[in-house]
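# Fold and contact review
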Amino acid sequence: MEFDPKEHQHIRYNPLKDDWILVSPHRMKRPWKGQTEKQVEENIPRHDPKNPLCPGATRAKGEVNPNYTSTFMFENDFPALLQEGAPAPREDDHPLLQARSAVGTCQVMCFHPWSDVTLPLMSNAEVEEVIRKWADIISDLGAKYEWVQIFENKGAVMGCSNPHPHCQVWASNFMPNEPRIKDTNQRNYFQKHGKVLLVDYVNLELERKERIVVENSSWLVVVPYWATWPYETMLLPKRHILRLSDLTEAEVKDLAEITKKLLTKYDNLFETTFPYSMGWHGAPTGSKLKEDQSHWQLHAMYYPPLLRSATVKKFMVGYEMLAQSQRDLTAEQAAEKLRGLSENHYKLQQDFTDNVS
Ligand code: H2U
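First, a word on scope: everything that follows refers to the structure included in this document. (Residues numbered from 1 in each chain as written. Predicted model: local features only at pLDDT ≥ 70, side-chain atom pairs only at ≥ 80, totals over all residues. Heavy atoms only, no water.)

### Concerning the overall build of the protein chain
In terms of helices and strands, the protein chain carries seven helices and twelve strands. Against the compact-globule benchmark of 21 Å for 357 residues, the protein chain has a radius of gyration of 21 Å, which places it among compact chains. The C-alpha extent of the protein chain, read off along each of the three principal axes, is 65 × 65 × 45 Å. Considering the protein chain as a whole, with its 357 residues, one finds that 49% of them fall into the buried category. By element, 52% of the accessible surface of the protein chain is carried by carbon and sulfur atoms, the whole surface being about 18,200 Å². (Helix = DSSP H or I, 4+ residues; strand = E, 2+ residues; numbered from the N terminus. Rg over C-alpha atoms; globule rule 2.2 N^0.38 Å. Buried < 20%, exposed > 50% of the residue type's maximum accessible area, 1.4 Å probe, protein only. Areas by Shrake-Rupley, 256 points an atom, 1.4 Å probe, with all protein chains shown as cover.)

Now the structure itself:
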């Protein structure tokens, strides 16, 4: 029998993280009788004066938001990392009991003054503003901190507490685990091959065309060969770029366009506002700005948990927690499915039909 990746179980290597995932496509048709998620609440008011993320609202600690009309950033009232005031831990002489000081800042960034929009429903110009703000954050906080993590947690299923469109920024004086591991693996690849791992990967995906979801002249979205979440994607520039702060104006515009296209496809997949955690990884900052970081390539990851409907999600438990990640649908099948979906948002189509009838 010939090996067929769509039929036969195998393990795939993730060179960015130096780990493996188990792919079991023969398991795709198994029935699901487990937990289902609630359908998402779609009737979100455009403005709720009691929502602390809205313009003019009072936040938990009494601060009043300005009547902002574009993006708006504020310091998280419940930060996981404080800039000052915490003493460094006492040094323990035992190597099994290591602790180090953790200093940082946590911010919240609202994408838009309205609570009833999401990125795919915003205009290109509005999404561009979000991207420009992200670039400024990397420059500003990156001047001081080793790592600036921009991330969006979208949907109650991902633990997001507020439907208002927003992301968070946690900047720290240490490299968190995920980027630290990616730093090591990209550096090792660069030392061994004299080339940038993710630039090679982009070129390979452009050549093979098996996992592309959408592309434009500056950007590429693929379901990575080593994806773990069912519809996980990676968004990469086609040229070598270290950080969001290095984007040209044309690249900002193209990024807004491709982001809207990807997120529209995601929403159209199960006709729901698609939950995910996403974030940006680029070359480290702070004291690392002085060092050569050419082994890095900027990229964003989208990790959506939904598996087969708006209410059935993939759980990363059992084998995933105790052994390694596992998926049923192959990366190529997921890419084909996403690629085939419309770039017109289902909500806008419905509105159009409603207006016509
Ligand atoms: P999430 O829903 O993604 O958790 O983001 C909301 C963030 O907003 C959360 O981190 C912060 C929470 O701490 N927040 C404030 O800083 N002030 C408030 O008044 C409410 C929420």
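Here the narrative resumes.
### Brief notes about the environment of Val157
The residue Val157 is located in the loop between strand S5 (147-154) and strand S6 (166-172) in this model. Between the alpha carbons of Val157 and Ser294 there is a distance of 37 Å; along the sequence they are 137 residues apart. Discounting residues that sit within four places of it in the chain, Val157 has contacts with Glu37, Pro275, Pro305 and Lys313. (Contact = heavy atoms within 4.5 Å.)

### Re the environment of Gln107
Tracing the backbone shows Gln107 in strand S4 (residues 104-110). Take Gln107: its relative accessible area is 11%, and that puts it in the buried class. For the pair Gln107 and Gly194, spaced 87 residues apart in sequence, the C-alpha to C-alpha distance is 37 Å. Apart from residues lying up to four places away in sequence, Gln107 is in contact with Met73, Phe74, Glu75, Asn76, Leu141, Cys167, Gln168 and Val169. Engagement of the side chain of Gln107 in a polar contact is seen with the side chain of Thr105, the distance being 3.0 Å. (Polar contact = N/O pair within 3.5 Å; in protein donor to acceptor, adjacent residues only side chain to side chain.)

### Side note on the nonpolar core
Counting residues in each nonpolar core, the largest one holds 53 residues, and the members touching the most others are Trp134, Ile150, Leu235, Leu244, Leu247, Leu255 and Trp280. Residue contributions to this core peak at eight residues, all from helix H4 (residues 249-269). With residues up to four places along the chain from it excluded, the contact list for Trp134 reads Met109, Phe111, Ile150, Cys167, Leu244 and Trp280. Residues Tyr201, Val202, Leu220 and Leu236 belong to the second largest nonpolar core, which totals twelve residues. (Core = buried A, V, L, I, M, F, W, Y, C linked by side-chain atoms within 4.5 Å.)

### Side note on unusual backbone geometry
Even without glycine at this site, Lys209 takes up a positive phi of about 55°. With respect to the helices, strands and loops of the structure, Lys209 is situated in the loop between helix H3 (197-208) and strand S7 (212-215). Assessed through its relative accessible area of 53%, Lys209 is described here as exposed. Look at Glu271: it is not a glycine, yet its phi comes out positive at around 45°. Of note, Glu271 is situated in the loop between H4 and strand S10 (276-281). Exposure remark for Glu271: the relative accessible area of 48% places this residue in the partly exposed category.

### Structural notes on the packing of aromatic side chains
Overall, the coordinates contain 14 aromatic pairs when judged by the stated rule. A centroid spacing of 6.2 Å and a plane angle of 35° characterise the contact between Phe270 and Phe274, whose relative ring orientation is tilted. On the accessibility criterion, Phe270 (18% relative accessible area) is buried. Phe274 gets classed as buried once you look at its relative accessible area, which sits at 0%. Clustering of aromatic rings is evident, with ring pairs tying together Tyr231, Tyr266, Phe270, Phe274, Tyr276 and Tyr302. Sitting above the plane of the Tyr225 ring, Arg12 keeps its charged end 4.3 Å from the centroid. Here the guanidinium or amino end of Arg46 rests over the ring plane of Trp114, the centre of that ring lying 3.6 Å away. (Phe/Tyr/Trp six-rings, centres within 6.5 Å; stacked < 30°, edge-to-face > 60°. Lys NZ or Arg CZ within 6 Å of the ring centre and 35° of its normal.)

### Quick notes on the pattern of salt bridges
Summed over the entire model, instances satisfying the criterion amount to 23 salt bridges. A salt bridge links Glu178 to Lys17; the nearest nitrogen and oxygen atoms lie 3.1 Å apart. Taken as a pair, Glu178 in helix H2 (residues 177-193) and Lys17 in the loop between strand S1 (10-14) and strand S2 (19-23) lie far apart in primary sequence, 161 residues in all. Measuring nitrogen to oxygen at the nearest pair gives 2.6 Å for the salt bridge that ties Glu215 to Lys238. Linking Glu215 in strand S7 with Lys238 in the loop between strand S9 (233-237) and H4, this pair joins segments that are 23 residues apart in sequence. With relative accessibility at 26%, the residue Lys238 sits in the partly exposed group. Overlapping salt bridges, with partners in common, bring together Arg12, Glu205, Glu210, Arg211 and Glu332 in one network. (Salt bridge = Lys/Arg side-chain N within 4 Å of Asp/Glu carboxyl O.)

### Points about the site of the ligand
Neighbouring the ligand are 13 residues; Ala60, Asn76, Asp77, Ser161 and His166 lie closest to it. Ser161 places a polar main-chain atom, nitrogen or oxygen, 2.7 Å from an oxygen atom of the ligand. Within the side chain of Gln168, an N or O atom sits 3.1 Å from an oxygen atom of the ligand. Within the complex, 85% of the 460 Å² of free accessible area of the ligand lies under protein. Residue composition of the shell around the ligand, by class: six nonpolar, five polar and two charged. (Near = heavy atom within 4 Å. Nonpolar A, V, L, I, M, F, W, Y, C, P; charged D, E, K, R; others polar.)

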